[in-house]
Amino acid sequence: QVQLVESGGGLVQAGGSLRLSCAASGRIFSSLDIGWFRQAPGKERELVAAIRWSGGSADYADSVKGRFTMSRDNAKNTAALRMNSLKPEDTAVYYCAARNRILTTYTYWGQGTQVTVSS
């Protein structure tokens, strides 16, 4: 019903930047809340940023505030996560996720993209 594809991951040195993209298809993008999650080996999956269906400012995890910026473009059915001042602890698989605006659980997930930050 909804397909999500992430791109933009890679290997970067500490202090560097990456931009992740999420492309959606199969449903009207503007009806969905969009979130970025990450999961590192041995750790729980965590929400790092999200924007509600109605747009506006993004919400961020405390660990990334001031360094990451999320945006969405409903006309292009895309969302992005700009990551600056990357730290080794940011290393994880990053996932784009979506949910209908009336739900509380994210039900659509991309395949993930690996981000590795070296010291």
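Placed above this text is the structure.
Read on for an overview of the structure. (Residues numbered from 1 in each chain as written. Predicted model: local features only at pLDDT ≥ 70, side-chain atom pairs only at ≥ 80, totals over all residues. Heavy atoms only, no water.)

**Some details on the side chain of R72**
So, point 1. Locating R72 in the fold gives a position in strand β7 (residues 68-73).
So, point 2. Reaching out from R72, the side chain makes a polar contact with the backbone oxygen of F29 at a distance of 3.0 Å.
So, point 3. Reaching out from R72, the side chain makes a polar contact with the backbone oxygen of R52 at a distance of 3.1 Å.
So, point 4. Excluding residues that lie within four positions of it along the chain, R72 makes contacts with F29, S30, L32, D33, I34, I51, R52, W53, T78 and A79. (Helix = DSSP H or I, 4+ residues; strand = E, 2+ residues; numbered from the N terminus. Polar contact = N/O pair within 3.5 Å; in protein donor to acceptor, adjacent residues only side chain to side chain. Contact = heavy atoms within 4.5 Å.)

**A closer look at the pairing of strand β5 (residues 46-51)**
Sheet faces and side chains relate simply in a regular strand, where the side chains alternate between the two faces.
So, point 1. Where strand β4 (residues 32-39) meets β5, 5 bridges bridge the pair, whose relative direction is antiparallel. Pairing of I34 across the sheet is with I51, part of β5.
So, point 2. Linking β4 back to β5 in an antiparallel pair, the connection comprises 6 residues, with G42 at a positive phi of about 75°.
So, point 3. Note: β5 against strand β6 (residues 59-60), 2 bridges, orientation antiparallel. The partner of A49 across the bridge, within β6, is Y60. (Pairing = 2+ DSSP bridges.)

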